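Inside the fold
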Amino acid sequence: MMKILAINPGSTSTKIAVYEDENSLYEETIRHADADILKLPELADQLPYRLESIMEALRLAKFKPSELDAVVSRGGMLKPMDSGTYIVDENLLNDAGSGKYGNHASNLGSIIAAEIAGSHQIPAYIVDPVCVDELIDEARISGLADIERKSHVHALNIKAVSRNVAEEIGKDLDDANFVVAHLGGGISVAAVRNGRIIDVNNAENEGPFSPERAGGLPAKQLVQLCFSGKYTEKELLQRMTKQGGIYSYLGTKNVIEVEQRVLDGEEEAAVILRAMVHQIGKEIGAIATVQEGKIDGIILTGGIAHSQMIVGLIQEKISFLGKVFVLPGEAEMKALIAGAFRVMNGKEKAKIY
């Protein structure tokens, strides 16, 4: 039996879990006070603070790092790569620490994992980071030679739910084709062909709007807004990625609150909710054409998939395309653990960054 520690740093929290084989022994979300994070604006400065928080939580839960067989973490912003489980090595750590591909709290995951693993001579891994890039060539073309479409995707959850549904229908993932819609703070709608994510909207600047992201916007009007003097570049990017979508119309990112406003008869809330569903349905339909209609199912996942109202509205639009599977939530910790176990059990070979 093997024990594995999983680590998933977010902007204001760090999730940790300890599994024995694939059984959860302990899970906790360590909340970081805004005041503590604000004192440490640079990611590198947060490393000792977050590491100490993790070690203290493990101590209080009576888990000894010396009993672990491996550490696995969320991957962070790294260079484009195939999906899989990667060994955390010096090259990976250098890119995560430098922020050359982007700065996000998840970059600290591999660094923290390496710190803990190195102290106990055990392996450290990452699994299916957001930079997974398996796009087919034609999916990279934007329509303007100055701009290339890039893969930025909820790969960890999309791959995990694809494996689950493939197993449910009696197929290997490598032989299965799905349309997967990850519905959360950002929305990724992906074409999974023979287990690979061959096309996807970049959830930060394409596709459906979400509770906080603007999604794809009319290009000419966006350019005009950029040059209007109303916003600086930083302010407009913030508005598009953190203050867009439902929030820009209704002043909330809470989907449960929006649903209640709809039930209370608020017409504006009803229109905005229907508009988000409308865009999600269009994106699923578009991705179905990438698969040429050869799909084993459509998978709805992510936090918003807990909403029976939204899922029901989406199903009304897309059910003619094929069977719809609903796997709500993200299950990121379990997906990290599963990726590490596939390598440690010899089912997959660990990849090198």
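Notes on the structure follow. Because the structure is a prediction, the values reported are computed rather than measured.

Below, the discussion takes up the sheet that holds strand S6 (residues 124-127). One open sheet holds the six strands; their spatial order is S3-S2-S1-S4-S6-S5, and the pairing between them is mixed. Of all the strands in the sheet, the pair left with one neighbour each is strand S3 (23-31) and strand S5 (85-87). Shown here is a sheet whose adjacent strand axes are inclined to one another by a mean of 25°, direction ignored. With four bridges joining them, strand S1 (residues 3-9) and strand S4 (residues 70-73) adopt parallel strand pairing.

Let's shift gears to the packing of helix H2 (residues 43-60) against helix H4 (residues 107-119). One can describe the packing of H2 onto H4 by two numbers: an axis separation of 10 Å at closest approach and a directional angle of 55°. Taken together, the axes of H2 and H4 are oblique relative to one another. Handedness of the H2/H4 crossing: right-handed. Facing Leu43, Gln46, Leu47, Arg50, Leu51, Ile54 and Met55 of H2, the residues of H4 in contact are Asn107, Leu108, Ile111, Ile112, Glu115 and Ile116. Counted by class, the contact of H2 with H4 contains nine nonpolar, two polar and two charged residues.

Throughout the structure, instances matching the rule amount to two aromatic pairs. Ring geometry for Tyr26 versus Phe63: centroids 5.4 Å apart, planes at 35°, classification tilted. You can see Tyr26 sitting in strand S3 and its partner Phe63 sitting in the loop between H2 and S4, a full 37 residues away along the chain. Residue Phe63 is classed as buried on the basis of its relative accessible area, which comes to 17%. An angle of 45° between the planes, with centres 6.4 Å apart, marks the rings of Phe209 and Tyr249 as tilted. With a gap of 40 residues between them, Phe209 in the loop between strand S9 (196-200) and helix H6 (219-226) and Tyr249 in helix H8 (residues 245-250) connect regions that are remote in the sequence. With a relative accessible area of 7%, Phe209 lands in the buried category. Geometry around Tyr353 places Lys79 over its ring, the cationic atom sitting 4.5 Å from the centre. The ring of Tyr247 has Lys253 sitting right over it, with the charged end atom 5.4 Å from the ring centre.

The next point concerns the nonpolar core. Counting residues in each nonpolar core, the largest one holds 33 residues, and the members touching the most others are Leu5, Ile16 and Val71. Of all elements in the fold, only S1, strand S2 (13-20), S3, H2, helix H3 (90-98), H4 and S6 reach the threshold of two or more residues within this core. With sequence-adjacent residues up to four places away left out, Leu5 is seen in contact with Ile16, Ala17, Val18, Leu58, Leu68, Ala70, Val71, Val72 and Ile116. Within the second largest apolar cluster, 32 residues are counted, among which are Ala181, Ile246, Leu273 and Ile280.

So, on to the pattern of salt bridges. Where side chains of opposite charge bring their charged atoms close, a pairing between them can arise. If you walk through the whole model with that rule in mind, you get 16 salt bridges. Put simply, Lys159 and Glu134 hold a salt bridge, and the shortest N to O gap is 3.0 Å. In this pair, Lys159 is assigned in helix H5 (residues 155-168) and Glu134 in the loop between S6 and H5, connecting sequence segments 25 residues apart. Taking the relative accessible area as the measure of exposure, Lys159 reaches 3% and is therefore buried. For Glu134, a relative accessible area of 5% translates into the label buried. Among the ionic contacts, a cluster of salt bridges with common partners joins Asp82, Glu134, Lys159 and Arg196.

The next thing to look at is unusual backbone geometry. One non-glycine residue, Asp21, lies in the positive phi region at around 50°. In this structure, Asp21 sits in the loop between S2 and S3. Although it is not a glycine, Asp128 sits at a positive phi angle of roughly 40°. Relative to the assigned elements, Asp128 resides in the loop between S6 and H5. Accessibility expressed as a relative area gives 3% for Asp128, which makes it buried.

This next bit is on the packing of helix H9 (residues 255-263) against helix H10 (residues 267-290). Taken N-terminus to C-terminus, the directions of H9 and H10 make an angle of 125°; their axes are 7 Å apart at the nearest point. On the basis of their axis angle, the class for H9 and H10 is oblique. The handedness of the crossing between H9 and H10 is left-handed. Residues Val258, Arg261 and Val262 of H9 lie in contact with H10, whose contacting residues are Ala269, Ala270 and Leu273.

Moving on to the sheet that holds strand S10 (residues 297-302). The sheet built from five strands is open, its strands ordered S9-S8-S7-S10-S11 with mixed pairing. Each edge of the open sheet carries a strand with a single partner, namely S9 and strand S11 (324-328). Strand-to-strand twist in this sheet, taken as the mean axis angle between neighbours without regard to direction, amounts to 25°. Bridge count between strand S7 (residues 177-183) and strand S8 (residues 187-193): seven bridges; the pairing is antiparallel. The residue of S8 that forms the bridge with Val180 is Ala190. Most of the contacts of H5 go to S7, to which it runs at about 135°, and overall it touches S7, S8, S9, S10 and S11.

Cut-offs used in this document
- Residues numbered from 1 in each chain as written.
- Predicted model: local features only at pLDDT ≥ 70, side-chain atom pairs only at ≥ 80, totals over all residues.
- Heavy atoms only, no water.
- Pairing = 2+ DSSP bridges.
- Helix = DSSP H or I, 4+ residues; strand = E, 2+ residues; numbered from the N terminus.
- Axes fitted to C-alpha atoms, helices over the stretch in contact; angles between N-to-C directions.
- Parallel < 35°, antiparallel > 145°, perpendicular 65-115°, else oblique.
- Left-handed = near helix turned anticlockwise from the far one by under 90°.
- Contact = heavy atoms within 4.5 Å.
- Nonpolar A, V, L, I, M, F, W, Y, C, P; charged D, E, K, R; others polar.
- Phe/Tyr/Trp six-rings, centres within 6.5 Å; stacked < 30°, edge-to-face > 60°.
- Buried < 20%, exposed > 50% of the residue type's maximum accessible area, 1.4 Å probe, protein only.
- Lys NZ or Arg CZ within 6 Å of the ring centre and 35° of its normal.
- Core = buried A, V, L, I, M, F, W, Y, C linked by side-chain atoms within 4.5 Å.
- Salt bridge = Lys/Arg side-chain N within 4 Å of Asp/Glu carboxyl O.

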